[in-house]
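# Report on the structure
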Amino acid sequence: MDRQEYLRSQKEDKGRKVCGVFPAQYPKEILWALNLAPAEIWDPPVSPELAAGHLQPYICSVVRQGLELLLQGKAGVCDAFLFPHTCDSIQNLASVVNDYIGLDKPCHFFYHPKAPHGAAAKVYYQEQLKALARGLEPLAGPLREDELKRRVAQGQRVAELYGQLYGQRAAGRLACSNAGFYQAARRGEYLFPDDLVPYLEGFLQGAQGTAPAGPRVLLSGVLPNPPEILTLLDDLGATVAADDLLACSRRLLIPPSAANDPWQALTEQYFAMPPCSSKGSPFSERLDFILGQCHKSGATGVIFYLVKFCEPELFDVPILTEELKKRGLPCLTLDVELNQGLSGQMSTRVEAFLEMINS
Amino acid sequence: MNGEAPMSLANKLQFQFMKDLGAPALMALNQAGKKKRAHKPNPDFGPPLKSAKRLKEIMSRHYFLARYARGARPVAWVTSGAPVELLRAFGFYTIYPENHGALCGAQKMGTKLCQAAEEHGYHPDLCSYARIDLGHHFTGLTPAGRLPKPDLLFASNNICQTVLYWYKALAHYWNVPFLLFDTPYNFRDITDSDISFMSAQLREMIPALERVSGQKFSMERFQEVVNLAHDTSALWGQVLATMSHRPAPMTIFDAFVHLAPVVSLRGLPVSQAYYQLLLAELQERVSKGIGAVTNENKRLMWDNIAIWYKVRDYAELFASKGMNFVAATYTNAWAETIHNLDPAQPFESMAKAYGLVILNNNLNHRLNLMEQMIKDYQVDGLVIHSARSCKPYSVGQYDMKRLLMERLNVPSVVIEADITDSRHYSEEQAQVRLEAFFEALES
Ligand code: SF4
Ligand code: SF4
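Residues numbered from 1 in each chain as written. Chains lettered and ligands numbered in written order. Predicted model: local features only at pLDDT ≥ 70, side-chain atom pairs only at ≥ 80, totals over all residues. Heavy atoms only, no water.

## Regarding the confidence of the model for chain B
Summary statistics for chain B give a mean pLDDT of 94 and a share of 95% for residues scoring 70 or more. For this predicted complex, the interface confidence reaches an ipTM of 0.97, while the overall pTM sits at 0.96. (pLDDT = per-residue confidence, 0-100.)

## A closer look at the packing of helix α8 (residues 192–213) of chain B against helix α15 (residues 346–355) of chain B
All names here are of chain B. Between α8 and α15, whose axes approach to 8 Å, the crossing angle comes to 115°. For the crossing formed where α8 meets α15, the hand is right-handed. Of the residues in α15, those touching α8 at I195, M198, S199, L202, R203 and I206 are F347, E348, M350, A351, K352 and G355. In the contact of α8 with α15, the residues fall into seven nonpolar, two polar and three charged. (Axes fitted to C-alpha atoms, helices over the stretch in contact; angles between N-to-C directions. Helix = DSSP H or I, 4+ residues; strand = E, 2+ residues; numbered from the N terminus. Left-handed = near helix turned anticlockwise from the far one by under 90°. Contact = heavy atoms within 4.5 Å. Nonpolar A, V, L, I, M, F, W, Y, C, P; charged D, E, K, R; others polar.)

## Some words on the interface of chain A and chain B
Taken residue by residue, the interface counts 56 residues in chain A and 56 residues in chain B. Taken over both partners, the interface formed by chain A and chain B buries close to 4600 Å², and the fraction arising from carbon and sulfur atoms is 60%. The largest share of the area that chain A buries against chain B comes from Y58, Y100 and F315 of chain A, three residues that together contribute 19% of it. At the junction of chain A and chain B, the tally comes to three salt bridges. With a closest N to O distance of 3.0 Å, D316 of chain A and K168 of chain B form a salt bridge. Only α4 (88–100), β4 (107–110), α5 (119–140) and α13 (311–326) of chain A provide two or more residues apiece to the side of chain A that touches chain B. A per-element tally of the side of chain A that touches chain B places α4 of chain A first, with 11 residues. Within the side of chain A that touches chain B, the residues separate by chemical class into 29 nonpolar, 16 polar and 11 charged. (Buried area = accessible area lost by both parts, 1.4 Å probe. Salt bridge = Lys/Arg side-chain N within 4 Å of Asp/Glu carboxyl O.)

## Description of the sheet that holds strand β2 (residues 93–95) of chain B
Residue and element names in this part refer to chain B. Here we have four strands laid out as an open sheet, ordered β2-β1-β3-β4, and parallel in their pairing. Bordering the open sheet on either side are β2 and β4 (178–181), each of which pairs with just one other strand. Averaged over all pairs of adjacent strands, the angle between their axes in this sheet comes to 25°, without regard to strand direction. Of the strand pairs in this sheet, strand β3 (residues 152–156) and β4 are connected by four bridges, and their pairing is parallel. What sits directly across from A155, in β4, is L180. (Pairing = 2+ DSSP bridges.)

## Remarks on the packing of aromatic side chains
For the coordinates displayed, the defined rule picks out 42 aromatic pairs over all chains. Seen from their ring centres, Y314 of chain B and F318 of chain B are 5.9 Å apart, and the 50° between their planes marks the pair as tilted. With Y314 of chain B and F318 of chain B both in helix α13 (residues 311–320) and four residues apart, the pair spans about one turn of that helix. Here the two residues Y314 of chain B and F318 of chain B agree in accessibility, since each one is buried. In this structure, R16 of chain A is placed above the aromatic ring of F192 of chain A, and the distance from its NZ or CZ to the ring centre is 3.6 Å. Across the ring face of F283 of chain A, the terminal group of K168 of chain B is positioned such that the distance to the ring centre comes to 4.8 Å. (Phe/Tyr/Trp six-rings, centres within 6.5 Å; stacked < 30°, edge-to-face > 60°. Buried < 20%, exposed > 50% of the residue type's maximum accessible area, 1.4 Å probe, protein only. Lys NZ or Arg CZ within 6 Å of the ring centre and 35° of its normal.)

Rendered as C-alpha cells:
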C-alpha cells in the first residue's frame with residue numbers, strides 16, 4: 001500500500017483524521033493520542049509550478065516542495081497542518097499558508113526552545129506540548145491522559161526499535177541496501193504506530209545478516225534526498241553505517257524517559273534527543289554525536305548532503321568539517337536540490353571520496 | 001577557561017583618557033578634514049539635516065572608543081533586536097555586528113568581507129551580515145579601524161534564527177560565553193506562557209552577566225536604563241512620525257542612517273539627547289514647510305532592510321523624480337513595540353517589547369501594519385526589497401505585494417537584491433522593474 005492509499009485507509013477504515021506535518025521535530029505521541037494520523041511533508045514528488053509565485057528562488061526545496069503540494073491541491077487527505085518551528089523558512093511558510101494563501105484547513109504551530117537551554121526552556125516546552133494538545137482538540141476531540149500515557153510508551157517502543165535498527169547497522173549486522181534501509185526508516189513519516197511497530201519488528205528480523213565489506217560512511221544533512229546518493233553508494237559497495245540526518249537519527253534515536261507523567265516524559269525526551277543545527281545545539285555536542293556515531297559504526301568518512309539554501313545546516317558545516325578533519329575524519333560536502341538527482345560531477349566526487357577513505 | 005578579558009586598571013585609565021580627551025580631539029581633527037571636502041548641493045534635495053554632523057560624531061566616537069574598550073569595560077557583541085537594556089545595567093560596551101555590516105555595505109567593503117568568509121567554507125547563500133562579520137573575524141578588516149573582541153555574545157532570535165547559528169559560530173571561534181534570548185515566534189497572538197518564558201530567561205542570565213562583567217546586578221540601575229530606552233525609542237517614533245507631514249522633512253534614506261543610535265546606543269543618555277536634537281530640527285522644518293525632497297509629489301514606502309551599497313544612488317534617483325520615501329517597516333521596528341517597556345515591570349515588559357517585534361510576528365500582523373502605515377503616511381507606492389540574505393523579512397513579500405494591491409490599490413515593485421553583497425544586484429533588472437513601477441505610479 002503506498003503512502004496516499006495508506007493515509008486514505010486511515011481515514012476511511014480507522015476513522016482517523018490526518019494531520020500534514022512539516023519538518024521537523026514535533027511530539028507525535030500527542031497526535032497519536034488524539035487519534036490523529038501524522039503525515040510528514042518532507043520531499044513530496046510534485047513538479048514545480050505554483051510555488052514560484054509565492055517564494056523567492058533562494059528558498060530551500062523542502063519549503064518549496066511542501067508549498068507546491070498544498071497549492072496543487074495534492075494534500076487533500078489532510079484535515080489540518082502542523083508547522084514545527086524548525087528554521088526561518090518554515091516559520092514564514094507557516095505564516096504564508098495560514099495568513100496569505102487562503103487555505104481552508106486549520107493550521108497549528110509548535111515552537112520548541114532553542115539552545116543554549118536554561119531551566120525556563122523545560123517549563124516552556126511542557127507548556128507548549130499542552131497548548132498544542134488544546135489547539136488540536138477542536139479537530140480531534142478531548143485528549144485522554146491515559147491514552148497519552150499509552151502512546152508515550154508506544155513512542156518509546158518505536159524509538160527502541162529504531163535504536164536497534166541503527167545499532168544493528170552500525171555493528172555491520174544488517175544485510176540491506178542503503179536505499180532499503182532508508183525506505184524502511186522513513187516509513188515512520190506516515191505509518192501510525194500500531195502499524196509502524198510491527199513493520200519495524202518485521203524489517204529487523206528480515207534484514208539480519210552481514211553488511212558488505214566496502215567503505216563505511218556517515219551521512220549528515222537534512223534528509224537522504226535525492227535518493228540517488230543511496231543507490232550510488234550501494235553501487236559502489238559502500239555502506240551508510242550511521243547518519244546525522246535531521247529527518248532520521250536526530251529525531252529517531254530518542255533516549256527513553258522513566259518519568260511516569262507523560263508530559264514530563266515527553267519533555268525529558270525532547271531535551272535528551274541528539275543535537276541538531278535547527279535547535280542551535282553547540283558544536284561540542286554536535287561533534288561528540290557525530291564522532292560517537294562514527295566510532296560505533298566504523299564510519300571513516302562523513303558526507304554532508306546539504307539541501308541548497310538550508311541556513312541551519314550551511315552555518316554549521318564549516319566548523320564541523322574543520323574539527324572532524326582535525327580528528328582524522330575526511331569530509332565531503334554536496335549541495336543538492338530535492339528530487340533532482342545527482343549530477344555526473346557529484347557522482348565522481350563521491351566515488352573519489354570513497355576511494356580516498358578506503359585507501 | 002574561556003576568552004573573556006580580565007579588566008585592568010591600565011586599560012580602564014586608557015579608556016577614560018580616550019573618552020575624555022582622545023575621542024574629542026580626533027573628532028575635531030576629522031571635522032577639520034571634512035570641511036574641505038564639502039559636496040556640491042543637489043537641487044533635488046532640500047537643505048541637508050544639520051543634526052547629521054552630530055550623528056557622525058556620536059557614531060565615530062562610539063567606534064573609536066571601541067578600540068580601547070577591551071579590558072577596560074566588559075564588551076558584548078549584540079544583535080539588533082536583543083534586549084540590550086539588561087547588559088547596560090552591567091556597564092557593557094556594546095558592538096552591533098549588523099550595524100557594522102551595514103557600515104561595511106555602505107562603504108562597499110561588504111563583498112570583499114563576504115568572500116573572506118566564503119574562503120573558510122561559509123556558503124555565499126548565507127546572510128551577508130553574518131558573512132561580513134565572519135570575514136572580519138578571519139581578516140581583521142573593517143572600515144571602523146578595529147573592533148574589540150567580545151567577552152560575551154548576546155543574541156535574540158526575534159529577528160531571525162540566523163543570528164543563533166552565526167553567534168554560535170563566533171562563540172566557538174572565540175571561546176566566549178554566548179547568551180540567547182529565545183523569543184517564540186508569534187504565529188498567532190503572544191501568550192502569557194511566552195511572556196513568562198522570556199522574562200524567566202532574562203532573570204536566568206543575571207548570574208552569567210555578573211560573572212562576565214564583575215558587577216552586581218542593580219534593579220535600580222536596570223530600571224533607569226529601561227526608562228531611558230523607552231524614552232529614546234518613543235523619541236525615535238516621533239522622529240519617524242514627522243514624515244507623515246507633507247512635504248516630509250526627511251527621507252527614509254536619512255532614517256536608515258539616523259537610526260544607528262537607537263539600535264546601537266539605546267539605553268544610553270547620548271542617544272536620547274541625539275533624538276531630542278533631531279526631532280527639534282525636524283519639527284522646525286515641518287513648521288517652515290521644508291521638505292527633504294524639493295518637489296515632493298509622490299510618497300513611497302520601503303519594505304525590508306536597505307540595499308546599503310545603493311542607498312545614495314536610490315536616494316538621488318527617486319528624488320530626481322520628486323519621489324520621497326516617507327515610511328519603512330524596517331526603521332519603524334525600533335519604535336513599534338517599545339511602548340510596552342515599563343520600568344515598574346522591567347522583565348515582563350521587555351519580554352513583550354522584544355517578543356512582539358515585526359520579524360517575530362506573523363505575516364498578517366505585518367500586512368495590517370503596512371496597511372496602517374500606508375494610510376498614516378499617505379503612501380502612493382511601495383518598493384519591496386527582496387533581500388537574499390534575509391529569509392524572515394523576505395518570505396511572504398510576493399503575497400504581500402498582491403494583497404496590498406487588492407486591498408488598497410497601491411502599486412509596488414519587487415527589487416531582487418541583497419543588503420550588502422552587491423554580487424546579487426542586477427542594475428539592468430532593477431532598472432527595468434523601476435521603470436515599470438514609475439509608469440504605474442504615474443497612471
Ligand atoms: S531544508 Fe533547512 S532551510 Fe529548508 S526547511 Fe529544512 S531546515 Fe529549513
Ligand atoms: S539580515 Fe535578516 S537574516 Fe541577516 S541577521 Fe538581519 S534579520 Fe537575520
